[in-house]
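Residues per chain are reported as follows:
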Amino acid sequence: MALDMKTEPLVRVQNLKMHFPIYGGLLQRKVGDVKAVDGISFDIYEGETLGLVGESGCGKSTVGRAVLRLYDITDGAIRIDGDDIATADAGKLRSMRPLMQMIFQDPQASLNPRMTVADIIAEPLREHVKMSKIEREDRVLELMDQVGLNKEFANRYPHEFSGGQRQRIGIARALALNPKFIVCDEPIAALDVSIQAQVVNLLEELQDRLGLTYLFISHDLSMVRHIADRVAVMYLGQIAELAPRAELYEAPLHPYTQALLSAVPEPDPNIEEQVERIILTGDVPSPSNPPQGCNFCTRCPQVMEICKTVEPQFQEVQPGRFVACHLHQIAENAASEAHKSIQQGEIT
Amino acid sequence: MPRGDLSDQSADLSALQPVLDVQNLKTVFKTRSGEVHAVNSVSFDVKPGELLGVVGESGSGKSVTMMSLIGLLPSPPADVKDGRVIFDGVDLLKADAKTLRSVRGGKIGFVFQDPMTSLNPVFTVGFQIAEPLRKHMGLGKRAARARSVELLELVGIPDAARRLSDYPHQFSGGMRQRVMIAIALACDPKVLIADEPTTALDVTIQAQILELIKDLRQKLGMAIIWITHDLGVIAGIADRVVVMYGGQIVEQAPVKELFGNPQHPYTRALLETIPSVRGPREDKLNVIEGQPPIMGAAPTACPFRARCSFRHDRCDRENPVRRTVGPGHDAACFHEFSHGA
């Protein structure tokens, strides 16, 4: 998809931080923070899908929730469709809810087992829109049709549906209020391979038809390559690299992105024989005690001295390609200083 | 380098006697809402040193098959109706409790999907590794401890001697799975059954575990049955693959043959639906419409017919039997695909 970068982004996140306090000791005093999200910035343009990938615990789901203000964020600015959401009060937030919706990972847990499908899909309508009962019923059936659910099943309960169909119910509910922006938090992770493709195709069709903008959070790098226009790779609460899809998958810049992509198994034994894997050693450090300097320095195969002391800046190193790595930092000389200050101005 | 050895090994595998031979296994669950025929006439074998991949979606019967053959399913509700499971010259389905107990965790090792729930949180890792050593091999306390350290080192856990006194929660997910593998390997198993051992892990950790398994195969040479839904993982480690659908094996072939020349419509469709991070990117994902069946009765027709694009009249009347379609390659389908297509 050709993106006009000059247009104002639909979603603009700047220096978002989400720290969760840790309480401990005899008096249950605050003894530290889990820095789940620690200063990340990105834009999402209208009609675009931004893929957010990373391993478990990297903070990607927290980003999705924080962007919709399901948490009170620690710091940073979030603008959606021109409105500041980071500081909005409850009333204002409520009036903005129809604009932005969420699709959850586990359709079993996110649907009330005691409500019928029709009730589940109608709930946002009942909360936010004044319409007659008949209008509402019509809208529910229209939505069920849109996501490929059999309208005759409107009065059934969630447990009577398969995982893929339950996810369709969740999607219909998210679409009920004609949102512009949807956060999809691992929407296919709980589904079988043959069902995943059905749901992904549905999300793409709906995007084309309704002009939706997605933040697509997933650990499945091959599915993100399929659905996303641009991809952000998170590691330990920060974005390591953000780039258009083709560039990111063909020539990743950050050593973490390189290792992550090389680790994905290939469903072809002939390619598998030749793949050169970068095997990372060790595990992800704790987000309550991230390493000094670059947060990837403890596992990075290309680690340098500077990485252990100085935190790399998240910079635009090529047009549209952002990376936080000392290997790609723009040199600190006079010529690039000016360029850098422009970049800094843009993202801080 | 190691790959070369493996393919040489797989070349003469067919001549070897199988270490585990499963014939016509049937498992039925009797529930309040009726019967579920989870495993329907499953037959396969594993040769010494071979890595057999078992692929299928949830509910296809892959885990139940493995649990049936080692008597791990509670009865009721499970009823292992039929079939033979020959291991070490003994039919495990007819074996008494004592024999089974000595086989489980002894000559047949298990690694489960979720290392957190399969390790006991209130015992140290050292105790849990030593347990099979003392029970099955009759080692004394000191010998068991020495062997435990050896095992932890074998699976790549740093500072092994000290970590024996740690509890499972003190290990990360990947390290816990290494502990599980160490326990499974404790008694020098002839067969290691690994049920989705990397599914709960992140990709970079999965890559570490897959490397470890390749390395252990070189060192120890046991046969491995690797159950997964991830065709990518299978492509990288298996010698031979069986594909399960609706409680039965629908296709069986050497790994390259299966991926290069799939002969069952389900295998073909599955391979077309999965996107890749390498190579060309598809604009639209291929889809298998519909959903997998729940086998409420013994199958009298092809379980895949409702989702199949090559459906004949015959598929409604008869459940196809696996027939040979190539060297070491069979498929349960009436349709004949041209080779290499």
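These figures come from a predicted structure and were not determined experimentally. (Residues numbered from 1 in each chain as written. Chains lettered and ligands numbered in written order. Predicted model: local features only at pLDDT ≥ 70, side-chain atom pairs only at ≥ 80, totals over all residues. Heavy atoms only, no water.)

**Thoughts on the overall build of chain B**
Across its full length, chain B carries 13 helices and 12 strands. Its C-alpha atoms give chain B a radius of gyration of 21 Å, near enough to 20 Å, the size a compact globule of 341 residues would have. Expressed as lengths along the three principal axes of its C-alpha atoms, the size of chain B is roughly 65 × 50 × 40 Å. Burial status across chain B gives 53% buried among its 341 residues. In chain B, the share of contacts with a sequence separation of at least 24, taken over all contacts with a separation of at least 6, comes to 65%. (Helix = DSSP H or I, 4+ residues; strand = E, 2+ residues; numbered from the N terminus. Rg over C-alpha atoms; globule rule 2.2 N^0.38 Å. Buried < 20%, exposed > 50% of the residue type's maximum accessible area, 1.4 Å probe, protein only. Contact = heavy atoms within 4.5 Å.)

**Description of the packing of helix 5 (residues 125-137) of chain B against helix 6 (residues 141-154) of chain B**
Residue and element names in this part refer to chain B. Across the interface, helix 5 lies against helix 6 with an axial gap of 9 Å and an inter-helix angle of 115 degrees. Along this stretch, helix 5 crosses helix 6, giving a crossing that reads as right-handed. Of helix 6, the residues touching helix 5 (which contributes Gly126, Ile129, Ala130, Leu133 and Arg134) are Lys141, Ala144, Arg147, Ser148, Leu151 and Leu152. In the contact of helix 5 with helix 6, the residues fall into 6 nonpolar, 2 polar and 3 charged. (Axes fitted to C-alpha atoms, helices over the stretch in contact; angles between N-to-C directions. Left-handed = near helix turned anticlockwise from the far one by under 90°. Nonpolar A, V, L, I, M, F, W, Y, C, P; charged D, E, K, R; others polar.)

**Quick word on the packing of aromatic side chains**
One pass over the structure, following the stated rule, counts 12 aromatic pairs over all chains. For the ring pair tyrosine 235 of chain A and tyrosine 256 of chain A, a centre distance of 4.6 Å and an interplane angle of 55 degrees mean the geometry is tilted. With tyrosine 235 of chain A in strand 9 (residues 230-235) and tyrosine 256 of chain A in helix 9 (residues 255-263), this pair connects stretches of sequence that are 21 residues apart. An identical accessibility class is assigned to tyrosine 235 of chain A and tyrosine 256 of chain A; each is buried. With a centroid separation of 5.1 Å and 85 degrees between ring planes, the pair formed by tyrosine 245 of chain B and phenylalanine 304 of chain B is classed as edge-to-face. (Phe/Tyr/Trp six-rings, centres within 6.5 Å; stacked < 30°, edge-to-face > 60°.)

**Structural notes on the UniProt feature "domain: ABC transporter" (unreviewed entry) in chain A**
In the numbering used here, UniProt assigns the feature "domain: ABC transporter" (unreviewed entry) to residues 11-261 of chain A. A helix fraction of 37% and a strand fraction of 28% characterise residues 11-261 of chain A, whose end C-alpha atoms lie 27 Å from each other. (UniProt positions renumbered as here; feature names shortened; annotations may be inferred.)

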